[in-house]
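Take a look at the letters that make up each chain.
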Amino acid sequence: MLAQNTPNGQEPSYAPDLGTLMVDTGHGNRTGEFRGLAGPYWSLRPVNGGAEWEAVPEQVRTPTRIELLAAEIARINARSRSRRRLES
């Protein structure tokens, strides 16, 4: 996917597919799902839910295998917690 809203004539930059897990090194190596573009920034959302944040694309990288596993566990745990709340 290419960035659609780039500032003043700059070439479009690469952006991952929606839902791709990324690690934001500019915010303490937070892992989040790519949710879209916010001007020159990438919008990421925590894998276990919560508020989106904006990341500088140059400070975002793909996760390691261990980070992917940790993110999937966090996602599963969040789903489990929300199901238990619904059943209560």
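Above this text you will find the structure in question.
The following paragraphs examine the structure supplied in this document.

We now examine the sheet that holds strand 4 (residues 53-55). Spatially, 4-3-2-1-5 is the arrangement adopted by the five strands of the open sheet, whose pairing is antiparallel. The open sheet has two edge strands with one neighbour each: strand 4 and strand 5 (60-61). On top of the sheet, helix 1 (residues 65-87) reaches strand 1 (21-24), strand 2 (30-38) and strand 5; it is set at about 110° to strand 1, its chief contact.

Before going further, it helps to spend a moment on the environment of Gly-26. Topologically, Gly-26 is positioned in the loop between strand 1 and strand 2. Among the residues examined, Gly-26 registers a relative accessible area of 39% and is labelled partly exposed. Between the C-alpha atoms of Gly-26 and Gln-59, which are 33 residues apart in sequence, the distance is 5.5 Å.

Glancing now at the nonpolar core. The biggest cluster of nonpolar side chains holds eight residues, and these are Ala-15, Met-22, Phe-34, Trp-42, Leu-44, Trp-53, Ala-55 and Val-60. Listing elements by their share of this core, those giving two or more residues are strand 3 (41-46) and strand 4. Once residues lying within four places of it in the same chain are set aside, the contact partners of Leu-44 are Met-22, Asp-24, Gly-32, Glu-33, Phe-34, Arg-35, Glu-52, Trp-53, Ala-55 and Val-60.

The rules we used
Residues numbered from 1 in each chain as written. Predicted model: local features only at pLDDT ≥ 70, side-chain atom pairs only at ≥ 80, totals over all residues. Heavy atoms only, no water. Pairing = 2+ DSSP bridges. Helix = DSSP H or I, 4+ residues; strand = E, 2+ residues; numbered from the N terminus. Contact = heavy atoms within 4.5 Å. Axes fitted to C-alpha atoms, helices over the stretch in contact; angles between N-to-C directions. Buried < 20%, exposed > 50% of the residue type's maximum accessible area, 1.4 Å probe, protein only. Core = buried A, V, L, I, M, F, W, Y, C linked by side-chain atoms within 4.5 Å.

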